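What the coordinates show
Here's the letter readout for the chains.
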Amino acid sequence: MASSRLEKVGTVFTRVRDLMRAGVMKPHEKPIWFDVYAAFPPKRDPLYVKSHYRQPTGPKRLEIVPEIFYAEDVIRAKLYQVYGAGPRALDLSKSNFVSVCQRFVDQYEDLKNSAGLDDDALFEETGKRLLSQGVVLRRRGAAISKESVLDLKLSDMLAEQQSVTTEEETTSTSSTPQTTV
């Protein structure tokens, strides 16, 4: 009985008890719960009862699991289709790691809420915003060097930013009254 590990042959208590009787387990090695179980045994000993359940005899029904799509999944699919998976693997060792894909989706949602652009323009604008933050997205199949992409995109972005700042300055100067003393 000591070599058996099946629950249907004996309980854990009886196996430990028999190991102690046979001298395989020393009294100082007995588990903590052994004395408590011996002092307060259950009213009915636990028995192994083989479960008898009926196998279904009819034809198997295929369970159709509905596909679950979120709005972000469409954005991610388009991102991976246009830009690919990226040059580096995900770093899951950092608890605060945010993937490029998740950053793209977050920026896309922010722009979608703030600007009234169509999907294609929104997608391009999100790419530009990530580029301004230092995230370089390389289109699939593009053999352009990283430096030329940075120069090209940065010049466009600087021109856009300068036009935005000049517009903001003109609106702020026209809206604030100037007083002379």
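Rules behind the numbers
Residues numbered from 1 in each chain as written. Predicted model: local features only at pLDDT ≥ 70, side-chain atom pairs only at ≥ 80, totals over all residues. Heavy atoms only, no water. UniProt positions renumbered as here; feature names shortened; annotations may be inferred. Helix = DSSP H or I, 4+ residues; strand = E, 2+ residues; numbered from the N terminus. Buried < 20%, exposed > 50% of the residue type's maximum accessible area, 1.4 Å probe, protein only. Contact = heavy atoms within 4.5 Å. Areas by Shrake-Rupley, 256 points an atom, 1.4 Å probe, with all protein chains shown as cover. Patch = residues over 30% accessible without salt bridge, like charges linked within 9 Å, V, L, I, M, F, W, Y side chains within 5 Å. Salt bridge = Lys/Arg side-chain N within 4 Å of Asp/Glu carboxyl O. Core = buried A, V, L, I, M, F, W, Y, C linked by side-chain atoms within 4.5 Å.

Named according to an unreviewed UniProt entry, the chain is Small ribosomal subunit protein mS23 originating from Periophthalmus magnuspinnatus. Its UniProt record gives the chain a comment under Sequence similarities (unreviewed entry), which states: "Belongs to the mitochondrion-specific ribosomal protein mS23 family." Word for word, the UniProt comment on the chain under Subcellular location (unreviewed entry) is "Mitochondrion".

**Some words on the overall build of the chain**
Counting its secondary structure elements, the chain contains six helices and zero strands. Start at the N end of the chain and walk to the C end: the helices and strands fall as α-α-α-α-α-α. When each of the 181 residues of the chain is scored for burial, the buried share is 18%. The long-range share in the chain, meaning contacts at least 24 apart out of those at least 6 apart in sequence, stands at 46%. If you sum the accessible surface of the chain, you get close to 15,500 Å²; carbon and sulfur atoms cover 56% of it.

**Things to note about a nonpolar patch on the surface**
On the surface, a cluster of nonpolar side chains totalling about 340 Å² of accessible area is made up of Leu90, Leu92 and Phe97. Among the secondary structure elements, Leu90 is positioned in the loop between helix 3 (71–83) and helix 4 (100–114).

**Looking at the environment of Leu19**
With respect to the secondary-structure elements, Leu19 resides in helix 1 (residues 12–22). The exposure class assigned to Leu19 is buried, which follows from its relative accessible area of 18%. Residues Leu19 and Lys30, spaced 11 residues apart in sequence, show a C-alpha to C-alpha distance of 9.5 Å.

**As for the nonpolar core**
Counting 14 residues, the largest nonpolar core has Leu79, Tyr83, Phe104, Tyr108, Phe123 and Leu137 as the members making the most contacts within it. Elements with a minimum of two residues in this core: helix 3, helix 4 and helix 5 (119–132). Broken down by element, this core gets its largest block of residues, five residues, from helix 4. Setting aside residues no more than four positions away along its own chain, Phe104 makes contact with Ile75, Leu79, Phe123, Thr126, Gly127, Leu130 and Leu137. Formed by five residues, the second largest nonpolar core is a distinct cluster that contains Phe13, Leu19, Met25 and Phe34.

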